[in-house]
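Architecture at a glance
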Amino acid sequence: MINLFDYEAAAQGNLSEMLWNFYAGGAWDEMTVRENHTAFSQVWLRPRVLNNVSQRDLQVSVLARKLRFPIAISPSAFHRLAHPDGELATVRAAASLGTLMAVSTFSNNSLEEIAIARDRVNKLAPLWFQLYPLRDRGLLRSLVQRAQTAGYTAICVTVDTAVSGRRERDLRTPLIPPADMVLGNFAAYPLQMDARSLIQYVTNQIDPSFNWEDLRWLRSITSLPIVLKGILRGDDAAKAVDYGVAGVFVSNHGGRQLDGTIPTIRALPEVVDAVKGYAEVYLDSGIRRGTDVLKALALGARCVFIGRPIVWGLSVNGEDGVRDVLEMLGHELSLAMALSGCASIANIDRTLVVTK
Ligand code: FNR
């Protein structure tokens, strides 16, 4: 395995057609899935020379927590479909590297089990809880409180999923989870259903009426910082700051929601300008190379996240696979920094890139 694309190929070889389609798929014609990565090729680097780059420091702070490098794990559902150790494998890999994992509402292991696994490896590794805005506000409140009690460090509200995007691969090869698969966060939910119906039910629980005022309510029920995931416009980013969010997460859900959505690397500068430093800005969707990370940081992201590559690593080699994927990207970033004259993250600025 030399790069993330090797993991992609190996994962495709490993997985059933159904699972591969579930992971790889995007909405409608998958234009955004394709463009997310290729859009990075329209951003060119302008390296500096003759800086001492013999030692590189990749550390960043995200919401006041130190990460070893600015590469973190996007929330994705059902890690047990990729590997029997599920989210426990993923969190152990993240914690052992001192980076951040965002845990999906739809994790197989419960948010508490995941936090305990993190604590055993590295208590200081931050964990975010990703929240889909569900109709049942009592349930929402209890999830937020559970996350806070379990030691999560932020609530990451996904705002690009008012309804589910139409992924045609999922219509052709519907995802049929094993009947005994659990959704750890809903284990105590008084529902007697098999896994497939439960997933359907909970997905239908996502509330399309959720709006900025509901966000105000959400802020009022927790002291944890709130991050909005799925922002692609400067005006929404500025509004998010007005509503007191700590982080704006530029994402198009890896092209799984609205096809034709702008690639995130193109949306990033507008969002960064609108936020004016009042919140941190993150990015995911299409990051596959260290140079992609460098370009995103140059355009103002504090940290990037990866979604599918984590699942590829998990399916190929569990915890070690996830660690390898993260380390590969970290090494590529370190190399790209050296070759562009940056000894630390603070040296990376907008003058490092030019956009076609
Ligand atoms: C996701 N994503 C996602 N996002 C979220 O907020 N909650 C979730 O439960 C999920 N689940 C999920 C499952 C799978 C299989 C994928 C591929 C993605 C979206 C995810 O957080 C992220 O935005 C994208 O995956 C980023 O794009 P890349 O890195 O996959 O190109």
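The shown structure was predicted, so the numbers you read here are calculated from the model rather than taken from an experiment.

**Here's the deal with the site of the ligand**
For the ligand, the set of nearby residues contains 22 residues, the closest of which are Pro-75, Ser-104, Thr-158, Asp-284 and Arg-288. Separating an oxygen atom of the ligand from a backbone N or O atom of Pro-75 is a distance of 2.6 Å. Relative to its unbound accessible surface of 600 Å², the ligand loses 98% to contact with the protein. Taken together, the residues of the shell around the ligand break down into six nonpolar, eleven polar and five charged.

**Side note on the nonpolar core**
If you look at the biggest cluster of nonpolar residues, it comprises 125 residues, and the most contacted ones within it are Phe-78, Trp-128, Tyr-152, Leu-268 and Leu-283. It is helix 13 (residues 308-339) that contributes the most residues to this core, twelve residues altogether. For Tyr-152, the contacting residues outside a window of four places in its chain are Val-103, Leu-111, Ile-114, Ala-115, Leu-127, Trp-128, Phe-129, Ala-147 and Leu-224.

**Description of unusual backbone geometry**
Its identity as a non-glycine residue notwithstanding, Glu-30 has a phi of 60°, on the positive side. For Glu-30, the position within the fold is in the loop between helix 2 (17-24) and helix 3 (31-38). In this structure Glu-30 comes out as buried when scored by relative accessible area, which is 13%. In this structure, Ala-64 is a non-glycine residue whose phi angle is positive, near 70°. Its location among the elements puts Ala-64 in the loop between strand 2 (60-62) and strand 3 (65-67).

**Examining the side chain of Thr-90**
Counting through the fold element by element, Thr-90 comes out in helix 4 (residues 86-97). Polar side-chain contacts of Thr-90 include one of 2.9 Å to the side chain of His-79.

**A look at the pairing of strand 7 (residues 154-158)**
When you tally the buried positions in strand 7, you get five out of five residues, the bulk of the element. Across the two faces of strand 7 the burial is the same, with Ala-154, Cys-156 and Thr-158 and Ile-155 and Val-157 all buried. For strand 6 (residues 127-131) and strand 7, the ladder comprises four bridges, and the chain directions are parallel. Looking at the pairing, Trp-128 lines up with Ala-154 of strand 7. The handedness of the strand 6 to strand 7 crossover, carried by helix 6 (residues 137-150), is right-handed. Across four bridges, the pairing between strand 7 and strand 8 (residues 226-231) is parallel. Bridge assignment links Val-157 to a residue of strand 8, and that residue is Leu-228.

Procedures and definitions
Residues numbered from 1 in each chain as written. Predicted model: local features only at pLDDT ≥ 70, side-chain atom pairs only at ≥ 80, totals over all residues. Heavy atoms only, no water. Near = heavy atom within 4 Å. Polar contact = N/O pair within 3.5 Å; in protein donor to acceptor, adjacent residues only side chain to side chain. Areas by Shrake-Rupley, 256 points an atom, 1.4 Å probe, with all protein chains shown as cover. Nonpolar A, V, L, I, M, F, W, Y, C, P; charged D, E, K, R; others polar. Core = buried A, V, L, I, M, F, W, Y, C linked by side-chain atoms within 4.5 Å. Buried < 20%, exposed > 50% of the residue type's maximum accessible area, 1.4 Å probe, protein only. Helix = DSSP H or I, 4+ residues; strand = E, 2+ residues; numbered from the N terminus. Contact = heavy atoms within 4.5 Å. Pairing = 2+ DSSP bridges. Right-handed = clockwise from strand over helix to strand, strands pointing away.

Note that every value here comes from positions in space, so none of it alone points to a role or purpose.
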